[in-house]
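# Examination of the molecular architecture
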Amino acid sequence: MSPLATETRTAPASIPQGPHPEGLAPVLRCRKLTKRFGGLVAVDQVDFDVYPGETVALLGDNGAGKSTLIQTVAGVHRPDGGSIELDGKEVEIRSPLQARDLGIETVFQDLALCDNLGAAENIFLGRELPGKAYRFLPGLNEARMRSEAKSVLSELHINIRNLDAPVRTLSGGQRQATAIARAVYWKARLMIMDEPTAALGVPEQKKVLSLIEALKARGVPVIVISHNMQDVFEVADRLFIMRRGRAVADLRAADTNANEVVRLMVG
Amino acid sequence: MSANPTTMSPPSIDDENIRPAGLIALASRLWAVLFLIALIVFFSIVAPGFFDLFNFQAVGANMAVLLVLGLGQTFVIISAGIDLSTGFVMGLSSVASALVMQGLTGYPLPVIIFAGLAMALLIGLAAGAVNGALVAYMRVPPFIATLGTLSVAQGVAYVLSGGPPVSIATRGLGFFGNGFLAYFHPEAGLSILGLPEGVSGAAVRDVMGFFPLQVVYIVILAAFFGWLLGRTRFGRHVYAVGGNPKAASRAGIPLEWTLFRIYVLCSTSAALAGFLYVLRFNGGVANAGDALMLSSVAAIAIGGASMLGGQGRILGTIVGALVIAVIQNGLVILGIDPFWQYVAVGAVIIMAVLVDQAKGRFFP
């Protein structure tokens, strides 16, 4: 082994350690999580914890492995090594559906909404509430779904006038909010957001950031992947930085600044 | 692509739905209904005898087969697919059920009818299972998969029938295809499901029939399909699968199973159309539905469904079928060469698509 290789090997041990809340057990605990694509090690023995009520920004240059890490937790990829624990219990996540059942809700970059359906229909997609049709046939409880959708949206201070209007007629922020409301309604234990502000105008970005604050207030931990430093420093409590598949830093947002973060990202 | 806030599109106000101007939006959504009313007014003025209860009943009875073909196809089109095989599944079902009914000649009428219906349903389920397995589980594009089934169904129907129509000579069968729910005779009075007592011979000509049974059948079937699509979990999943299959699947909707059931439903409705044909004409023929597949798709398009999936309603399909039936009927009354109806229906389809695109342009 060359001295250089040894140095990179030992890097994880010497990463600046994040200040974890005292006395709290992590909601998510990844140990030596590894994912390979052929010869490429996309995620290399990463230890990654998320504590209740905190917002963690996952940062890294393109190809750093942050999306792969998140998709492994969300059940899109299956890990090649390491373990994932949820609330102290080791879990095996085989599919996105199973991740949802475990309480891991992901707001994907493409939102995973059905554009032709309304906001209420999207919030209840795949988990429609049964009811009666024409008072005597089995059907759906449309009234209850609409009122529940309305209340979860208003809890998050989101105003969508017509819950039946196809979501393609809504603004980007409203669509993002619909996806978040779905996760909130179904009692997410952990929320993952992939570039939540990427496709939005400035006022809508602000709205989404305040939604993340609202989630935090409910004790739901949020993992945010973002390229936008301003957003990151606005919402994140902790920054987790990856480079070429490895964890390189785990910092309290208050203890660092954009320059240092960029330096850590590019190495 | 990293997001740079300064180069973003102008922000929209986020608590404001982007709303099309109310009246135009309503008109564009209801244009098929408005067009149907315009057609009825037009033919009522220019075609003597068009505006008449008994003519309207005939329009209803004549459109039965077309509508029933379209009911199941509506589900397929909303799921962003197409089922090309319905016309010949209908033909095969008519031949197979006519053969069964022919073979049972001499048995009581209810036995014959139920055996024929069971045979038709069997054909529908089998064809639908093949289409569904190919499209949902083997990921064959619907256009190709159902083209294959079309040819197989066509071949089997010709082999079974040998070509010419299979006719059934059972007394009383015709009533179920051409009869009325109620009859009225000026002297003998009102009767239900059968001619008034004592009416025979020349007096039969004075009997008026109300509510053709074919219309009764399609009202029941349309209500069933409308409930299934509009009011059930399955129906909601049909829209989701057509709108964004990836999102549907991430939300936990079983993509393959939903698609499979859609194709089974479509073939079953085609087979039922074949059975209605048997009742009406007391026989089955391989090419009974040959020309009707495209007409049923036309009805669905006129009714506002999107060929790209995710959008459509049973009520729309009913309106679309009515538009086609009214055009056919009106042209016949006017004594215009019946072949012109294809030209007229074609023009309406093109118009429907243009209206749909204009909608998309003005109100995304």
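Once a new chain begins, its residue numbering starts again from 1 and follows that chain's sequence as written. A letter from A marks each chain and a number from 1 marks each ligand, given out in the order of writing. For a predicted model such as this one, the threshold for reporting local features is a pLDDT of at least 70, and the threshold for listing and counting side-chain atom pairs is 80 or more; totals across whole chains, interfaces and linings nevertheless cover every residue. Excluding hydrogens and water, the side-chain values take into account all heavy atoms of the structure.

## So, the overall build of chain A
Let me state the cut-off plainly: Helical segments are the DSSP runs of H or I of at least four residues, strand segments are the runs of E of at least two, and each set is numbered from the N terminus. We compute the radius of gyration from the C-alpha atoms alone; for a globule the expected value is 2.2 Å times N to the 0.38, where N is the number of residues. Working definition: with a 1.4 Å probe on protein chains only, accessible area under 20% of the residue-type maximum means buried, over 50% means exposed, and in between means partly exposed. By definition in these notes, contact holds between two residues if any of their heavy atoms fall within 4.5 Å. Residue burial considers only the protein chains on display, and all accessible areas are found by Shrake-Rupley using a 1.4 Å probe.
Per the secondary structure count, chain A includes 9 helices and 12 strands. Taking 267 residues into account, the globule formula puts the C-alpha radius of gyration at 18 Å, and chain A, at 20 Å, falls close to it. Along the three orthogonal principal directions, the C-alpha set of chain A runs to about 75 × 40 × 35 Å. Taken across its 267 residues, chain A has 55% of its residues classed as buried. Partitioning the intrachain contacts of chain A with sequence separation of at least 6 by distance along the chain shows that 65% fall at a separation of at least 24. Within the structure as shown, chain A displays about 11,800 Å² of accessible surface, and the carbon and sulfur contribution to it stands at 51%.

## Points about the interface of chain A and chain B
Keep this limit in mind: Defined here as a combined quantity, buried area equals the accessible surface (1.4 Å probe) lost by two parts on assembly, summed across both. By convention in these notes, a salt bridge is any Lys or Arg side-chain nitrogen within 4 Å of a carboxyl oxygen on Asp or Glu. Each polar contact in these results corresponds to two N or O atoms within 3.5 Å; when the atoms are within protein, one needs to be able to donate a hydrogen and the other to accept it, and residues that are neighboring in sequence are counted only if both atoms are side-chain atoms. Classification convention: Asp, Glu, Lys, Arg as charged; Ala, Val, Leu, Ile, Met, Phe, Trp, Tyr, Cys, Pro as nonpolar; all other residues, Gly among them, as polar.
Opposite the 43 residues of chain A that make contact, chain B presents 35 residues. Carbon and sulfur atoms supply 53% of the area buried between chain A and chain B, which totals about 3,300 Å² over both sides. Counting across the chain A and chain B interface gives 3 salt bridges. Between Glu121 of chain A and Arg236 of chain B there is a salt bridge; the shortest N-O distance is 3.4 Å. Remark: the boundary between chain A and chain B carries 11 residue pairs in polar contact (both at pLDDT 80 or more). Taken together, the elements giving at least two residues each to the side of chain A that touches chain B come down to helix H3 (96-101), strand S8 (137-140), helix H5 (142-155), helix H6 (172-185) and helix H7 (202-217) of chain A. Looking at the side of chain A that touches chain B, its residues break down into 20 nonpolar, 12 polar and 11 charged.

## A closer look at the layout of surface pockets
One water molecule sets the probe size; rolling that probe over the atoms shows where empty space is left. All names here are of chain B. Worth spelling out the cut-off: Using protein atoms alone on a 1 Å grid, points that fit a 1.4 Å probe yet trap it form a cavity, whereas open point sets bounded by protein on both sides within 12 Å along at least five of seven lines form a pocket; residues with an atom within 4 Å of a point count as lining. Grid points are joined across faces, edges and corners, and a volume is the space filled by probe spheres set on the points.
Approximately 480 Å³ is the volume attributed to the second largest pocket. Asn62, Met63, Leu66, Leu292 and Gln328 are, among the 20 residues lining the second largest pocket, the residues nearest its centre. Breaking the lining of the second largest pocket down by element, the ones donating at least two residues are helix H3 (53-62), helix H4 (64-78), helix H12 (255-281), helix H13 (292-302), helix H14 (314-333) and helix H15 (340-362). When the residues that make up the lining of the second largest pocket are grouped by side-chain class, the tally is 14 nonpolar, 5 polar and 1 charged.

## With respect to the environment of Asp83 of chain B
All names here are of chain B. Looking at the element boundaries, Asp83 is found in the loop between H4 and helix H5 (86-103). By relative accessible area, Asp83 is classed as buried at 0%. Aside from chain neighbours lying at most four places away, what touches Asp83 is Gln73, Val76, Asn131, Thr146, Tyr263, Cys266, Ser267 and Met293. At 2.6 Å, the side chain of Asp83 and the side chain of Ser85 are in polar contact.

## What to know about the environment of Ala253 of chain A
With respect to the helices and strands, Ala253 of chain A occurs in the loop between strand S12 (246-252) and helix H9 (258-266). C-alpha separation for the pair Ala253 of chain A and Asp237 of chain A, spaced 16 residues apart in sequence, amounts to 5.4 Å.

## A few points about unusual backbone geometry
The backbone of Arg135 of chain A shows a phi angle near 70°, a positive value even though the residue is not glycine. Assignment of secondary structure puts Arg135 of chain A in the loop between strand S7 (130-133) and S8. Relative accessible area serves as the criterion here: at 80%, Arg135 of chain A is assigned to the exposed category. The phi angle at Ala80 of chain B is positive, at roughly 70°, despite the residue not being glycine. Secondary-structure assignment places Ala80 of chain B in the loop between H4 and H5. Relative accessible area serves as the criterion here: at 38%, Ala80 of chain B is assigned to the partly exposed category.

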